[in-house]
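# Residue-level structure breakdown
Here are the chains, one letter per residue:
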Amino acid sequence: MIRKILIVDDSPISRKILKSCIPKDREYEFVEAGDGLAAVESYKKQQPDVTFMDLTMPVMDGITSLAEIRKYDAAAVVIVLTADIQTKSIDKALNAGALLVVKKPPTRERIQDALSKAESVRRKTP
Amino acid sequence: MNNTQISEEERDILQEIMNIAFGQAAAELAEIINIFVVLSIPYIRMIEAVDLPDYIRTEFSEFGNISIVEQNFWGDFKGTALLIFPAGSGKELISLLDDTPPPVAGSQSSDILEKETLMEVGNILIGACVGKVAELLKDVVTYSPPRVIVEDHPDIMMPKTLFDPTNSAIILKTIFCFNERDVHGFLFLITSHKSVAWLKTALADFMKQYE
């Protein structure tokens, strides 16, 4: 069951947009980080069930942050939410361990779908 | 806050929209000419239109000569797009569009090919980026034909019909890098004061769908 969601994006507007797309049928706890390094620290401290990760960020980019998180927790469920939809960027994110890549701007349908996939992966994880 | 200024929140929304739009433009370019574009965080600033030429000259003072692709766009969202590279970048990009060996540097055909390459890259990036901004803000824009200035001093002439020097302009800047060619470029979208009031409403409407 997904309860805690970590949202990583340097843009406060982007974080607000994403939160508005997350279904309201359940009470989620949100944790936010404004760059990749803060995300790694936050992940270790908060142990979220799912992480939404932007790619282009200051301090530490999303790919590096994703790799660090997956190094710390191989079962981490990370969904990349990005404006960088070049095939090479998507491949890099998937190779670094992203569950899937969702293009910006998000829609409620796409986020609901992504959360369902995350839920299903978490159920299969021992 | 009056109708000719943008708030911090409006600037953040515009920054995110520019981020999405340039991401789309980079993906289209990557699809067409098989290049990877490294993106950066866009930068938004409001300045007096009269200061625009000086601002741009200062931005590129360290480059010496630059190559510019300039294209105006009209809709409710109206202004000028400037795609700027250090001079000579066009030659670096030629082989991406054409497999045949480049003509001898300095020859007339080399200069023409460089201009055509810049025009092509500019057309794709500017069209996709401006088009996506307009689409996200529920607008439709038309474009002037692009103008290419190669190896010239950065003497940008802002079209007087769009930029009344007594008014403000919004600068949307993004820096990008073509990884395989180590070429850096800058894309500026400069919107006229006539767009500001419309833009404020359009940004508010954009956010309404996320309430």
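Residues numbered from 1 in each chain as written. Chains lettered and ligands numbered in written order. Predicted model: local features only at pLDDT ≥ 70, side-chain atom pairs only at ≥ 80, totals over all residues.

### Let's talk about the overall build of chain B
Here is the rule: Secondary structure follows DSSP: runs of H or I at least 4 residues long count as helices, runs of E at least 2 residues long count as strands, and numbering of each begins at the N terminus. Note on burial: count the other C-beta atoms lying within 10 Å of the residue's C-beta; 20 or more is buried, 12 or fewer is exposed, in between is partly exposed, and C-beta positions come from the backbone. Residues are scored as being in contact if the C-beta atoms we place from backbone atoms lie within 7 Å.
Across its full length, chain B carries five helices and eight strands. Counting helices and strands in the order they occur from the N terminus, chain B gives α-β-β-α-β-β-α-α-β-β-β-β-α. When the 211 residues of chain B are sorted by exposure, 41% land in the buried category. Looking at chain B alone, contacts between residues at least 24 apart form 75% of all its contacts between residues at least 6 apart.

### Description of the nonpolar core
As a reminder, the rule being used: Put simply, a nonpolar core is buried Ala, Val, Leu, Ile, Met, Phe, Trp, Tyr and Cys residues tied into one set by C-beta atoms within 7 Å.
A:Val78, A:Ile79, A:Val80 and B:Cys129 are the most contacted members of the largest nonpolar core, which totals 88 residues. Sort the elements by how many residues they give to this core and helix H1 (residues 8-33) of chain B lands first, with twelve residues.

### Focus: helix H5 (residues 193-208) of chain B
Residue and element names in this part refer to chain B. For clarity, the threshold we go by: Expected helix span is computed as 1.5 Å times (number of residues minus one). A residue's bend is simply the angle between two axes: one fitted to the seven residues ending at it, one to the seven starting at it.
The end-to-end C-alpha separation of H5 is 24 Å, in line with the 22 Å expected for 16 residues at 1.5 Å each. Most pronounced at Leu199, the bend in H5 amounts to some 30 degrees. Inspection of H5 places Ser195, Val196, Leu199, Ala202 and Leu203 among the buried residues, and these make up the whole buried set. Residues of H5 that are buried in the fold lie against H1, strand E4 (79-86), strand E7 (168-178) and strand E8 (183-191).

### Comments concerning the sheet that holds strand E5 (residues 100-103) of chain A
All names here are of chain A. Heads up, the condition is: Paired strands are those between which DSSP finds at least two bridges. Simply put, an axis is a line fit to the C-alpha atoms, just over the touching stretch for a helix, and the angle between two N-to-C directions goes from 0 to 180 degrees.
What the five strands build is an open sheet, ordered E2-E1-E3-E4-E5; its pairing is parallel. The open sheet has two free edges, formed respectively by strand E2 (29-33) and E5, since each of these has just one partner strand. Within the sheet, the average angular offset between the axes of one strand and its neighbour, ignoring direction, is 20 degrees. Where strand E3 (residues 50-53) meets strand E4 (residues 78-82), three bridges bridge the pair, whose relative direction is parallel. Of the residues in E4, the one forming a bridge with Thr51 is Val78. Helix H1 (residues 12-21) contacts strand E1 (4-8), E2, E3 and E4 of the sheet and is inclined by roughly 150 degrees relative to E1. Its contacts with the sheet put helix H5 (residues 108-124) on E3, E4 and E5, and the angle it makes with E5 is roughly 170 degrees.

### Digging into the interface of chain A and chain B
Condition: Side-chain classes follow a simple rule in which Ala, Val, Leu, Ile, Met, Phe, Trp, Tyr, Cys and Pro form the nonpolar group, Asp, Glu, Lys and Arg form the charged group, and the remainder, Gly included, forms the polar group.
Counting residues at the interface gives 18 residues for chain A and 17 residues for chain B. Looking at the side of chain A that touches chain B, the elements that each hand over two or more residues are H1 and helix H4 (87-95) of chain A. The leading source of residues in the side of chain A that touches chain B is H1(A), at six residues. When the residues that make up the side of chain A that touches chain B are grouped by side-chain class, the tally is seven nonpolar, six polar and five charged.

### Let's talk about unusual backbone geometry
Between A:Lys104 and the following residue, A:Pro105, the backbone shows a cis peptide bond with an omega angle of -5 degrees. Secondary-structure assignment places A:Pro105 in the loop between E5 and H5. Although it is not a glycine, A:Gln47 adopts a positive phi angle of roughly 50 degrees. Mapped onto the fold, A:Gln47 is located in the loop between helix H2 (36-46) and E3. Located in the positive-phi region is B:Lys138, a residue other than glycine, with phi close to 60 degrees. Locating B:Lys138 in the fold gives a position in the loop between helix H4 (108-136) and strand E5 (142-143). For B:Lys138, a count of 11 C-beta atoms within 10 Å translates into the label exposed.

### Quick look at the pairing of E4(A)
All names here are of chain A. Note the cut-off: Here the term right-handed applies to a crossover when the path leading from its first strand over the helix to its second strand runs clockwise, the strands being oriented away from the viewer.
Of all five residues making up E4, five are buried, and the element is well covered by its neighbours. Side chains Val78, Val80 and Thr82 project from E4 onto one buried face, and the interleaved Ile79 and Leu81 project onto a second face that is buried too. For E4 and E5, the ladder comprises four bridges, and the chain directions are parallel. Considered in E5, the bridge of Ile79 is made with Leu100. Since E4 and E5 lie parallel, the crossover through H4 that links them has a hand, and here it is right-handed.

### Structural notes on the environment of B:Leu39
Take B:Leu39: it is sitting in strand E1 (residues 37-39). Given 21 C-beta atoms within a 10 Å radius, B:Leu39 is considered buried. Distance in space between the C-alpha atoms of B:Leu39 and B:Phe178 is 9.2 Å, their sequence separation being 139 residues. Not counting residues up to four positions away in its chain, the partners in contact with B:Leu39 are A:Thr56, A:Asp84, B:Phe22, B:Gly23, B:Ala26 and B:Phe176.

### What about the confidence of the model for chain B?
Residue and element names in this part refer to chain B. This is how the line gets drawn: pLDDT runs from 0 to 100 and stands for how confident the predictor is about each residue.
Looking at chain B, the pLDDT average stands at 82 and 83% of residues meet or exceed 70. Within chain B, the element-level pLDDT minimum falls on strand E6 (residues 147-152), averaging 72, and the maximum on E5, averaging 94. Scored by ipTM, the complex comes to 0.90, with pTM at 0.89.

### Describing the packing of H2(A) against helix H3 (residues 62-72) of chain A
All names here are of chain A. Selection criterion: Convention used here: angles under 35 degrees read as roughly parallel, angles over 145 as roughly antiparallel, angles from 65 to 115 as roughly perpendicular, and any remaining angle as oblique. It is the rotation of the near helix from the far one that decides the hand of a crossing: anticlockwise by less than a right angle makes it left-handed, clockwise makes it right-handed.
Here H2 crosses H3 at 20 degrees, and the two axes come no closer than 8 Å. Judged on the interaxial angle alone, H3 and H2 are roughly parallel. The handedness of the crossing between H2 and H3 comes out as right-handed. Contacts between H2 and H3 involve Gly36, Ala39, Val40, Tyr43 and Lys44 from the first element and Gly62, Thr64, Ser65, Glu68, Ile69 and Tyr72 from the second. Tallied by class, residues from the contact of H2 with H3 come to five nonpolar, four polar and two charged.

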